[in-house]
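# Architecture at a glance
One letter stands for each residue in the lines below.
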Amino acid sequence: MSPVPRPSRRLRRAPQAATAQPLRRSRLETVPVSGTVSTSGPRLARIGAWAALAAGPLALAVALVMPRGPVAQAAPVPQADSASRLSADPAGTAALFVELWLRSDAAEPGSPVAAALRSLAPSVQLPKRVRGEAAPGALRVVPVRTASSPGGWTVVVAALTNAVPVDPAASRPAPEPASTGPVVRYFTVSGTGGRDGGALSVSASPAEVSAPETAPEAAAGPFSHSVPSGAALSVSLGEFLRTYLAGGQGAGLERYLSPGMRLSAPAAAGYVRVDVEDVVADTEQAGGKEVPADGTRARVRVRVAGEDRAGTRWPLVYQLEVTTRAGRWEVSALDGGAAGAAAPAVAPSGSVAAPVAGGAR
């Protein structure tokens, strides 16, 4: 009887392998086709979280180990110095106050003049006028002196006013001599404020005072050398001023000016005659009959008398700077004459002018 063969192990395991294969396929078939599953995503998230947690202690350790350096700070904002702040000028306020006060009347406390006056000085007292008396009216008000103190300021104001009318029936005597034209009155005005841009305030009514003391006659200054009437400089200046004061009719003004000098004649002058009365200079070279070498400069003061069309003679004084060029004196600057050497100008045609006729009369 032959032995019965054992069943092969391969045959016994085959069903298990066969049954396992379909299960694996079914699990793969449930994965959506549109996306891919990556198992590294959760792992990277965990690594990032641990790195973030470790960055805190690591940064603290680096800050403790690294040497300390200078810390950059923002530059402080410069504060404006109190001395550089603009301060209000009380001179203009004092002049306005006096002009309003001269026009005011206690009988009209509600007038616009009184309202404007009280805005400057709330407690000011207004002048009480005689019924029917007109206010003198200020023709012009000018501040002439300002003094400041820790407690405030004081301004002396000159007011050119009409003469106060005198009632013949009044008991008060008429002034001797009687004033018929404008008179100059002086007032002091005191107030506070104005420092560091503060508001100005007038303390009280003004006080009428005498005219401020004037300084003695000014010295001759640098003009100590007399220039004769026949000197070349006097002759040139005489012709220059006659042309300058001819009311804009002097077309040849450029011939008396240095190159680059710009000067316009006063068109409203209209003097029909100009006589040179006195010429003084700051150097002796200006008084010679001969013209010095080119480039010689001198400061000159000229007194002239100009006669207008009505026959009135006006005393005028000019201060100039002159320079020699091409054997003649030329005006290179005129004080207060709105002269400009702004743009270099081309020298007029003919560098040498013909001798000027005439001179000081």
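Use the structure listed above.
Throughout this description, residue numbers start from 1 for each chain and increase along the sequence as written. Per-residue local features are limited, in this predicted model, to residues with pLDDT of at least 70; the limit for side-chain atom pairs, both in listing and counting, is 80 or more; totals at the level of whole chains, interfaces and linings are taken over all residues. Hydrogens and water molecules were not included; the side-chain quantities draw on all heavy atoms of the structure.

## Details of the pairing of strand β2 (residues 152-161)
Three labels apply to residues, based on accessible area from a 1.4 Å probe with only protein chains included: buried if under 20% of the type maximum, exposed if over 50%, partly exposed otherwise in between. Each helix is a run of DSSP H or I of at least 4 residues and each strand a run of E of at least 2, with the numbering of both proceeding from the N terminus. Across the 10 residues that make up β2, a large majority, eight, are buried. Pairs of strands are assigned from DSSP output, requiring at least two bridges between the strands. The pairing of β2 with strand β3 (residues 183-192) spans nine bridges and is antiparallel. In the strand pairing of β3, valine 155 is matched with valine 189.

## Examining the packing of aromatic side chains
By convention, a stacked pair of Phe, Tyr or Trp rings (six-membered ring in the case of Trp) has centres within 6.5 Å and planes under 30 degrees apart, an edge-to-face pair has planes over 60 apart, and any other such pair is tilted. Scanning the entire structure with this criterion turns up four aromatic pairs. Here the aromatic rings of phenylalanine 240 and tyrosine 244 are separated by 5.8 Å at their centres, their planes lie at 20°, and the arrangement is stacked. Within this pair, phenylalanine 240 and its partner tyrosine 244 are both found in helix α5 (residues 232-244), separated by four residues, close to a single helical turn. Pair check on accessibility: phenylalanine 240 and tyrosine 244 agree, each one buried. Here tyrosine 244 and tyrosine 318 contribute two aromatic rings whose centre-to-centre distance is 6.3 Å and whose plane-to-plane angle is 85°, an arrangement assigned as edge-to-face. With tyrosine 244 in helix α5 and tyrosine 318 in strand β9 (residues 313-325), this pair connects stretches of sequence that are 74 residues apart. Both residues of the pair, tyrosine 244 and tyrosine 318, count as buried. Here a set of aromatic residues connected by ring pairs shows up, and it is made of Phe240, Tyr244, Tyr256 and Tyr318.

## Brief notes about the nonpolar core
Here the nonpolar core consists of buried residues drawn from Ala, Val, Leu, Ile, Met, Phe, Trp, Tyr and Cys, with membership extended through side-chain atoms lying within 4.5 Å. Grouped together as the largest cluster of nonpolar side chains are 31 residues, with contacts concentrated most on Leu237, Phe240, Val300, Val302 and Tyr318. Among the elements of the structure, α5, β7 (273-281), β8 (297-307), β9 and β10 (328-334) are those that each provide at least two residues to this core. Looking at this core, the element that brings in the most residues is α5, giving six residues. Residue contacts for valine 302: discarding those within four places in its chain leaves Leu237, Leu241, Val276, Asp278, Val279, Leu316, Val317, Tyr318 and Leu320. Core analysis: the second largest hydrophobic core is formed by 21 residues, Leu100, Leu117, Val124 and Ala159 among them. In this description, contact between two residues means that some pair of their heavy atoms is separated by no more than 4.5 Å.

## What to know about the environment of valine 98
In this fold, valine 98 is placed in helix α3 (residues 90-103). The class of valine 98 is buried, set by a relative accessible area of 0%. Measuring from C-alpha to C-alpha, the distance between valine 98 and threonine 188 comes to 9.0 Å, with 90 residues separating the pair along the chain. Those residues in contact with valine 98 that sit more than four places away from it in its chain are Val141, Val157, Ala159, Phe187 and Val189.

## Some remarks on the side chain of aspartate 275
Inspection of the secondary structure puts aspartate 275 in strand β7. Any pair of nitrogen or oxygen atoms within 3.5 Å is treated as a polar contact; in protein, a donor-acceptor pairing is required on top of that, and neighbouring residues in sequence qualify only through side-chain atoms on both sides. Of note is the side chain of aspartate 275, whose polar atom sits 3.1 Å from the side chain of arginine 273.

## Considerations on the pattern of salt bridges
Take a side-chain nitrogen of Lys or Arg and a carboxyl oxygen of Asp or Glu: if they are within 4 Å of each other, that pair is a salt bridge. Tallying each qualifying case throughout the model produces 11 salt bridges. Taking the shortest distance from any N to any O, the salt bridge between glutamate 99 and arginine 103 comes out at 3.8 Å. Of the two residues, glutamate 99 and arginine 103 both sit in helix α3, four residues apart, roughly one turn of that helix. Of the residues examined, arginine 103 reaches a relative accessible area of 41% and is grouped as partly exposed. Across the salt bridge formed by arginine 297 and glutamate 321, the nearest N and O atoms sit 2.6 Å from each other. Linking arginine 297 in strand β8 with glutamate 321 in strand β9, this pair joins segments that are 24 residues apart in sequence. Residue classification places glutamate 321 among the partly exposed positions, given a relative accessible area of 22%.

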